[in-house]
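Analysis of the macromolecular model
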Amino acid sequence: MFTSEKGVVEEWLSEFKTLPETSLPNYATNLKDKSSLVSSLYKVIQEPQSELLEPVCHQLFEFYRSGEEQLLRFTLQFLPELIWCYLAVSASRNVHSSGCIEALLLGVYNLEIVDKQGHSKVLSFTIPSLSKPSVYHEPSSIGSMALTESALSQHGLSKVVYSGPHPQREMLTAQNRFEVLTFLLLCYNAALTYMPSVSLQSLCQICSRICVCGYPRQHVRKYKGISSRIPVSSGFMVQMLTGIYFAFYNGEWDLAQKALDDIIYRAQLELYPEPLLVANAIKASLPQGAMKSNKEGTRCIQVEITPTSSRISRNAVTSMSIRGHRWKRHEQPDNNNDTTELGILVIPEISVTNVAGERTGNGEKGRTLGEIDAQHIQGVQETATDPRTESKGLPEIRRQKSVRKMMEDGINSPGRVQF
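Residues numbered from 1 in each chain as written. Predicted model: local features only at pLDDT ≥ 70, side-chain atom pairs only at ≥ 80, totals over all residues. Heavy atoms only, no water.

**Quick word on the overall build of the protein chain**
Broken down by element type, the protein chain carries 19 helices and two strands. Taken over 419 residues, the protein chain has a buried fraction of 33%. In the protein chain, once contacts between residues fewer than 6 apart in sequence are set aside, the share between residues at least 24 apart is 72%. Of the roughly 26900 Å² that the protein chain leaves accessible, carbon and sulfur atoms contribute 53%. (Helix = DSSP H or I, 4+ residues; strand = E, 2+ residues; numbered from the N terminus. Buried < 20%, exposed > 50% of the residue type's maximum accessible area, 1.4 Å probe, protein only. Contact = heavy atoms within 4.5 Å. Areas by Shrake-Rupley, 256 points an atom, 1.4 Å probe, with all protein chains shown as cover.)

As structure tokens, this is what we get:
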């Protein structure tokens, strides 16, 4: 560590101690723009034997519990590097050199598991349903979903997963280590949109190191330093994937892709189904080309949303339209007013032998219905006064059948010629 970098850190340590309470918000706003300070703090954390490590960890904890949102996020950006340093020192069994880092991680954990009143917090997560649209999908694009009785009973019900309450920890042990670290990564992922690019780069790098250290791939990646295997849990790897997925679409494509491949490599060796499922899903959803996003702009995960159609069609069938269609079917057309006044009912053509207007049988020649036959039918048939009622519509049908039977039986009519 250079003397200039050491001087920047020492100035930062002394400045905060003499800072009045009223100027704290202004100080927190300007702190994120000091890139030289951030890079110097990273170098201090990466040197476990540094004499500045303990005061730096102490001041980062003071930032976190100050209640100022900007100072809290300033401490969170170093969380991936702090986790890596702690795991690396623990794997080398040199626990004494990581005491201040362990105290910082425990302090952040114990502050996050309680609310402002000191009560244990219970975090809730709502699992999205595929039957409801979201920014990631639309139900119409999935296909038709069978509406069974069980599906209808569960429609609209959202599943909620609860996390907590988490117990307070006084020290990190082999049993509770990844329980604490997984929760800390969860807190880091909740503030991913506020993390600078250097923090996302650190996240991708430490994920690769944790997954391949002590395995043959370490020589391929050319990682030097620690060569011991670092144990990981399934939940911890899932939280790592959450941050890597965000880094893909926010300017860190190459590092995120390398970290994703290393997590899949380690999950296959450990036979962890949850990280394998999430990692393969992320890999399948990635575009073919690298995403070159603007690091200075708004950070978000890009998704394609299909255009939504109108939910209510203009030709939607309603009870009013059905009722109106029923009455319109029995009404007479406007152009038949003349025939209605004369008492003539227009009878549709009835084909007995599938030939319109023609009938052949018993050696008779083809005969057509003349004007006299029409007058005969007119005299026999009567129209119902109210065709909408079933009781008066039935005699009309019977009269039509009787006229048809008379024609088929060959009853002599004034206009019909017998051969």
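After that view of the structure, there is still more to cover.
**Digging into the environment of Cys 100**
Looking at the secondary structure, you find Cys 100 in helix α7 (residues 99-112). Here the alpha-carbon distance between Cys 100 and Pro 55, two residues 45 residues apart in the chain, equals 8.7 Å. Ignoring anything within four residues of it in the chain, the contact list for Cys 100 reads Leu 53, Glu 54 and Cys 57.

**Some details on the nonpolar core**
The biggest cluster of nonpolar side chains holds 91 residues, and the ones touching the most others in it are Trp 12 and Phe 74. In terms of residue count, helix α6 (residues 79-91) provides more of this core than any other element does, nine residues in total. (Core = buried A, V, L, I, M, F, W, Y, C linked by side-chain atoms within 4.5 Å.)

**A few points about helix α11 (residues 197-212)**
Counted at 1.5 Å a residue, the expected span for α11 with its 16 residues is 22 Å, and the 23 Å between its end C-alpha atoms agrees. Within the span of α11, buried status applies to Ser 199, Leu 200, Ser 202, Leu 203, Cys 204, Ile 206, Cys 207, Ser 208, Ile 210, Cys 211 and Val 212. Residues of α11 that are buried make contact with α3 (35-45), α6, α10 (177-190), α12 (217-221), α13 (234-248) and α14 (253-270). Once α11 finishes, Gly 214 follows within two positions and takes phi at roughly 90 degrees, a positive value. (Expected span 1.5 Å × (residues − 1).)

**Quick word on α14**
Counted at 1.5 Å a residue, the expected span for α14 with its 18 residues is 26 Å, and the 26 Å between its end C-alpha atoms agrees. Looking at the packing, one finds that the buried side of α14 touches α11, α12, α13 and α15 (273-285). In the stretch just after α14, Leu 271 is the one whose phi turns positive, near 60 degrees.

**A closer look at the packing of helix α1 (residues 3-17) against helix α4 (residues 53-64)**
Where α1 contacts α4, the axes come no closer than 11 Å and their chain directions differ by 45 degrees. By the angle between their axes, α1 is oblique relative to α4. As for how α1 packs across α4, the hand of that crossing is left-handed. Residues Val 9, Trp 12, Leu 13 and Phe 16 of α1 lie in contact with α4, whose contacting residues are Pro 55, Val 56, Gln 59, Leu 60, Glu 62 and Phe 63. (Axes fitted to C-alpha atoms, helices over the stretch in contact; angles between N-to-C directions. Parallel < 35°, antiparallel > 145°, perpendicular 65-115°, else oblique. Left-handed = near helix turned anticlockwise from the far one by under 90°.)

**Thoughts on the environment of Thr 182**
For Thr 182, the position within the fold is in helix α10. For the pair Thr 182 and Val 238, spaced 56 residues apart in sequence, the C-alpha separation works out to 8.9 Å. Sequence-distant contacts of Thr 182, defined by excluding residues within four places in its chain, comprise Ser 233, Gly 235, Phe 236 and Gln 239.

**Points about unusual backbone geometry**
With glycine set apart, most residues show a phi of negative sign, and most peptide bonds adopt trans. Here Lys 222, not a glycine, exhibits a phi torsion of approximately 60 degrees, which is positive. Along the chain, Lys 222 turns up in the loop between α12 and α13. Taking the relative accessible area as the measure of exposure, Lys 222 reaches 69% and is therefore exposed.

**Looking at a nonpolar patch on the surface**
Taken together, the side chains of Val 122, Val 160 and Tyr 162 make up a nonpolar region of the molecular surface, amounting to roughly 290 Å² of accessible area. Tracing the backbone through its elements, the reader meets Val 122 in the loop between α7 and β1 (123-127). Taking the relative accessible area as the measure of exposure, Val 122 reaches 46% and is therefore partly exposed. (Patch = residues over 30% accessible without salt bridge, like charges linked within 9 Å, V, L, I, M, F, W, Y side chains within 5 Å. Salt bridge = Lys/Arg side-chain N within 4 Å of Asp/Glu carboxyl O.)

**Notes on the packing of aromatic side chains**
Within this structure, the stated rule accounts for 13 aromatic pairs. When the centroid spacing of 6.4 Å and the interplanar angle of 70 degrees are considered together, the rings of Tyr 27 and Phe 63 count as edge-to-face. Here the residue Tyr 27 occupies a position in helix α2 (residues 24-31), and Phe 63 occupies one in helix α4, the gap between them amounting to 36 residues. The class of Tyr 27 is buried, set by a relative accessible area of 7%. Here Phe 63 falls in the buried class, since its relative accessible area comes to 0%. Aromatic side chains Phe 248 and Trp 253 sit 5.2 Å apart centroid to centroid with 75 degrees between the ring planes, which places their arrangement in the edge-to-face category. Judged by relative accessible area, Trp 253 falls into the buried class, the value being 8%. Pairwise contacts between aromatic rings join Trp 12, Phe 16, Tyr 27, Tyr 42, Phe 63, Phe 74 and Phe 78 into one cluster. Here Arg 73 stacks its cationic end above the ring of Tyr 194, 3.5 Å away from the centre of that ring. The lysine or arginine in question, Arg 209, covers the ring of Tyr 223, its NZ or CZ lying 4.8 Å from the ring centre. (Phe/Tyr/Trp six-rings, centres within 6.5 Å; stacked < 30°, edge-to-face > 60°. Lys NZ or Arg CZ within 6 Å of the ring centre and 35° of its normal.)

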